[in-house]
Each structure stands twice: as C-alpha cells, then as structure tokens.
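Here's the letter readout for the chains.
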Amino acid sequence: MDAVAKGDSPLEMYRALVGIGVVCGLLIVSVFQGTKPIIEANKAAALERAIFQVLPAAKQSKTFAATDDGFKLLEGPATGPLVFGGYAEDGSLVGLAIPAAGMGYADTIRILYGYSFEAHAIVGMVVLESKETPGLGDKIASDPGFQANFEALDVSLSADGSAPVHAVAAVKHGTKSNPWQLDSITGATISSKAVAAMLRESTTTWIPKVEKHKADFMNPGGAK
Amino acid sequence: MSATLEGPTTTDEFIKGLWKENPVFVQVLGMCPTLAVTNSAINALAMGLATMVVLVMSNAVISLLRKFIPKQVRIASYILIIASFVTAVEYVIQAVSLDLHKALGAFISLIVVNCVILGRAEAFASKNDLVKSLADGAGMGLGFTFALFLLGAVREVLGSGSLFGVAVLPASFQPWVIMILPSGGFFTLGSWLLFFNYLSKRKARKAALATAEVAS
C-alpha cells in the first residue's frame, strides 16, 4: 500500500473520528446536564401559567395522576394521564385543568381546558401546542370570539353521571344557540372542529370520572 | 476571490460575509431556514444568531483541528462537530425561552444541514488559521442574521402589521396573511434579491464609467 501517505493511514482516520466523537459527546452531555434543571423549571412554569389561565381564580396548583379507582396526588415523576387541580389562596378547590389532544389541520393540537365543578362547564382553554396555519388555524389560540366559547361551555352530566348530556359540537360561525356549542372561526373550520372533537372525546372520558371521584381533589393527601 | 498582492487581511475576511459575499443575498445558501422561520423579526433574529454561534464555534474548532483530521474523513468530522454544537445550542435555546424554541421548532436541528456552515468549514476554516476562521465565521454569521432580519421584518410588518410584536401599522391595515405563509417568504426573498442585484449592477456600471472617463 504505497499510496497511503502520511496522515492517511486507517489508524489516523480512526483516531480523528473517535477523538472528535468522544469530545463532542462530552460537550453534549455537559450542556444537557447544565441546562436540564433550567429547562424543567421553564416547562413547569409554562404549564402552571397555562393552568392559571384556564382557571383564573386559582392561585396554586397540584398535579394528580389518574388511577383505576380515582385520582392520586402526584409527588414523584409523571406517570400516565394527569389532571391538575387549581386551588384558591385558602386552599379551596377552584376547578380542574385537564389536557386534551387531537388531530388538527396540520398536526396534533394539544390543549388544556379548565373544568369548574360548580358550573359543570368548561371555563377556559389554552392551546399548548399547534402547528395550524399561521393567520387562519392558529387563531384558535388567539381569536377573542373563539375564546369566548370557553367562558362557560356546558358539559353537565346526564342523571346517571355516565356522560355529558350534550356532546360538545362546533357550529358555523355566528349560529351558536346553545351553551354546549362551539362557535367556529370563519376560515378555520377544520381547526375549530378539531378543538370541538378533542373536547368532546376528553369530556366524555374525564368528566364522569372526575365528578365521581371529586372527593379526591377536595383534600389531597390530607394536607391543606 | 479578491486576491491582492498581500492577500486579504483578517478584517477583509470579516467584512466580506456582511456584504460582498453575503450568504443569503449573494451566495444564496441556506435557503431552508431563510424561508421557513422568517415569518417574524424575532424568529429571524434568533435563527440568525443561533446559526452564527454554531458557525463561529465550528469554524474555530475545524480550523484548530485542520492538521489533525485526515482528508478522507473530513466531511464526517465536520458534520460531527457541527451537529454537536447545534445540539448544544438547542438545549441552550430551550433554557433561555421555551416559546422561542417552540417558534423555531424543527429548524434548530436543521442548522446541521445548513450549507452555509458546512460550506465555510470546507471552503475556509479547513485552509486558514484560527483568527481568520473566527473572523470569517462571525462575518458570515452576521451577514446571515442581517439577511434573515431583513426578510423577517418585512414579512412581519406586512403579514401581521407589527414589528417585534409591537403594532406599527394602524389597526385599519388588513394584514396580508400570505406574507407570513411560506409563499410570502419567496416573494420577500425575491424582492430583496432584486434590490441587491440592482445595487451591485449600478455600482459595477458606475465603476466601468469611471474607468472609461479616466482612460479617455
């Protein structure tokens, strides 16, 4: 192998690639470790902001994990589906913040909505993640007319407590006549319908369950 | 290349990226982030700065290692170095602002395949010393940021009626939604290219005129 000049031997290539790989790996690990606590704090803060946004009266929040026989106050890392309890300053329950997700026009939309036990209604909704068309579909997060749907969106349960009496449904813009209907955004029908569909699905699953186990949220873990 | 008798100085290497060899308007490189994330001025600036950081760091490291990296595996080595810096920058952006990370989305990871960065590594950093490579990276990075900002500012003003989220046009102005959609990126980029080409053509014409006058 006369053609292999100095600096071109397999060993040198190997040395260069492994050397760079090891150093780069160390760099990434140290940056990851360094930023991890900050990123987690940021995410927790963003979630808490969202909870207080859908439950404006809440001043503190607690995380609950859904189990087979009710809801348990969560202290460790998150496992399974979560709901968040919002509490007023004196520790009384304001309502729940429940995450929901569904397919939108472009990609999965993730939302968080506030449920009030008192009003039996959805009292707030924020979009956590969406890739909807800018200027049209992404108005589900900002359009004041659409957000007004979530001042009191009726999801009260039927007498046997198994499902909401009226399923949440999107209607054409300007034709909302019942408190369980969602007034769509003109030009963003698919995104509006997607929000209605994920709320319908989520409320059918969760509202009966949280109503049945309401006591779990009242005095979580025996603490105030 | 404007090779004079003495060769370009470090300052020249820095300046050329800003204007004469601007990566977007002259070299027309790195179009993917250029068109995708410039729907607002703040996104454009953040993307430009993130790219600049990666560019400067990778230029520096590649320049330092240029004698250590065998020719056959140089591209693999460059990609490894660039990808590591991009990953690091992605974590830092998440730590600085989750909203910004959300707005830039997948395009942060795509800095790895931005041809401006690999292009400078191959064409410049692998052949020049550390100081010149740093100057080249900073100049190209600033030029890239500047170009992205020009695009982002125009698209945000016309598409949302605001600049950096502050309303600058009267409420009666109906935003041109198309400007913040991908097609608006092409329109804006085309218009800026037109403008910059006009400027350079006019300059060339004037220079030609001046030489003709001197000759006569």
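See the structure shown above.
All of these numbers come straight from a predicted model, not from anything done at the bench. Residue positions are given per chain, counted from 1 along the sequence in the order it is written. Chain letters and ligand numbers both follow the written order, the letters beginning at A and the numbers at 1. Local features in a predicted model are, by the rule used here, given only for residues with pLDDT of at least 70; side-chain atom pairs are given and counted only at 80 or more, and totals for whole chains, interfaces and linings are based on all residues. Derived side-chain values reflect all non-hydrogen atoms in the structure, with water molecules and hydrogen atoms excluded from consideration.

**Remarks on the overall build of chain B**
- Across its full length, chain B holds eight helices and two strands.
- Put simply, DSSP H or I for four residues or longer makes a helix, DSSP E for two residues or longer makes a strand, and each gets a number counted from the N terminus. Listing each helix as α and each strand as β along chain B from the N terminus yields α-α-α-α-α-α-α-β-β-α.
- Along the longest, intermediate and shortest principal axes, the C-alpha atoms of chain B span 60 × 60 × 25 Å.
- For every residue, the accessible area (1.4 Å probe, protein chains only) is compared with the maximum for its type, and the residue is labelled buried under 20%, exposed over 50%, or partly exposed between those bounds. Each of the 216 residues in chain B was classed as buried or not, and the buried ones make up 44%.
- Relative to all contacts within chain B whose residues are 6 or more apart in sequence, the contacts with residues 24 or more apart total 73%.
- As displayed, chain B has an accessible area near 10800 Å², and 71% of this comes from carbon and sulfur atoms.
- Of note, chain B has its 16 positive side-chain charges centred 6 Å away from the centre of its 11 negative side-chain charges. Whether two residues are in contact is decided by their heavy atoms, any of which lying within 4.5 Å being enough. The Shrake-Rupley method, run with a 1.4 Å probe sphere, supplies the accessible areas, and residue values consider only the shown protein chains as cover. For this count, His and the chain ends are skipped, Lys and Arg are scored as positive, and Asp and Glu as negative. Working definition for charges: the position is that of NZ of Lys, CZ of Arg, CG of Asp or CD of Glu.

**Some words on helix H1 (residues 10-54) of chain A**
- Take the residue count of a helix, subtract one, and multiply by 1.5 Å to get its expected span. Along its 45 residues, H1(A) runs 61 Å from first to last C-alpha, staying within 8% of the 66 Å computed at 1.5 Å per residue.
- Bend is computed residue by residue as the angle between axes fitted to the seven residues ending at the residue and the seven residues starting at it. Residue A:Lys36 marks the point of greatest curvature in H1(A), where the axis turns by about 40°; the proline A:Pro37 follows within four residues.
- Restricting attention to buried positions, one finds in H1(A) the residues A:Met13, A:Ala16, A:Ile20, A:Cys24, A:Val31, A:Thr35, A:Ile39, A:Ala50, A:Ile51 and A:Val54.
- Taken together, the buried residues of H1(A) touch strand S1 (60-67), strand S3 (82-87), strand S4 (93-103), strand S5 (108-116) and strand S6 (121-129) of chain A together with helix H4 (74-96) of chain B.

**Some thoughts on the interface of chain B and chain A**
- Chain B puts 24 residues into the contact, and the matching count from chain A is 24 residues.
- Note: buried area is the sum, over both parts, of the accessible area (probe 1.4 Å) each one loses when the two are combined. Summed over both partners, the interface of chain B with chain A comes to about 2100 Å²; 77% of that surface belongs to carbon and sulfur atoms.
- It is B:Phe68, B:Tyr91 and B:Leu98 that lose the most area in chain B upon contact with chain A, and together they represent 25% of the buried surface on that side.
- Any Lys or Arg side-chain nitrogen found within 4 Å of a carboxyl oxygen on Asp or Glu counts as a salt bridge. Applying the counting rule to chain B against chain A returns zero salt bridges.
- Two N or O atoms form a polar contact when they lie within 3.5 Å of each other; inside protein one atom must be a possible hydrogen donor and the other a possible acceptor, and for residues adjacent in sequence the pair counts only when both atoms belong to side chains. Our count for the contact surface shared by chain B and chain A stands at three residue pairs in polar contact (both at pLDDT 80 or more).
- It is H4(B) that contributes the most residues to the side of chain B that touches chain A, 13 residues altogether.
- Looking at the side of chain B that touches chain A residue by residue, the class counts come to 18 nonpolar, five polar and one charged. Each residue gets one label: Ala, Val, Leu, Ile, Met, Phe, Trp, Tyr, Cys and Pro are nonpolar, Asp, Glu, Lys and Arg are charged, and the others, such as Gly, are polar.

**Notes on the environment of B:Lys67**
- Along the polypeptide, B:Lys67 turns up in the loop between helix H3 (41-64) and H4.
- Sequence spacing of B:Lys67 and B:Ser126 is 59 residues, and the spatial spacing of their C-alpha atoms is 8.4 Å.

**Things to note about the nonpolar core**
- In plain words, nonpolar cores are sets of buried Ala, Val, Leu, Ile, Met, Phe, Trp, Tyr and Cys residues tied together by side-chain atoms within 4.5 Å. Within the largest apolar cluster, 39 residues are counted, with the highest numbers of intra-cluster contacts made by B:Val24, B:Phe25, B:Val54, B:Leu104, B:Ile111 and B:Leu189.
- At the level of elements, H1 of chain A together with helix H2 (31-36), H3, H4, helix H6 (115-125), helix H7 (130-160) and helix H8 (182-215) of chain B are the ones that each hand at least two residues to this core.
- Ignoring sequence-local partners within four residues, the contact set of B:Leu189 consists of B:Val24, B:Phe25, B:Met31, B:Leu35 and B:Leu151.
- Within the second largest apolar cluster, 35 residues are counted, among which are A:Tyr87, A:Leu96, A:Met125 and A:Leu153.

**A word on the sheet that holds strand S2 (residues 70-73) of chain A**
Residue and element names in this part refer to chain A.
- By definition, two strands form a pair when at least two bridges between them are found by DSSP. Taking strand neighbours across the sheet as the criterion, the seven strands line up as S2-S1-S3-S4-S5-S6-S7 in an open arrangement whose pairing is antiparallel. Of all the strands in the sheet, just S2 and strand S7 (153-154) have a single pairing partner and so form its edges.
- For S3 and S4, the ladder comprises four bridges, and the chain directions are antiparallel. Paired with Tyr 87 across the strands is Leu 93, a residue of S4.
- Each axis is a line fitted through C-alpha atoms, taken for helices only over the stretch in contact, and angles between the N-to-C directions span 0 to 180 degrees. Taken strand by strand, helix H3 (residues 189-212) contacts S1, S2, S3, S4, S5, S6 and S7, and its axis lies near 45° from that of S5.

**Quick notes on the pairing of S6(A)**
Residues and elements named next belong to chain A.
- For S6, the buried fraction is high: seven of the nine residues fall into the buried class.
- Bridging between S5 and S6 involves seven bridges; their strand directions are antiparallel. Bridged to Ile 111 within S6 is Val 127.
- Hairpin remark: S5 followed by S6, antiparallel, with four residues in the connecting loop; positive phi at His 120, about 50°.

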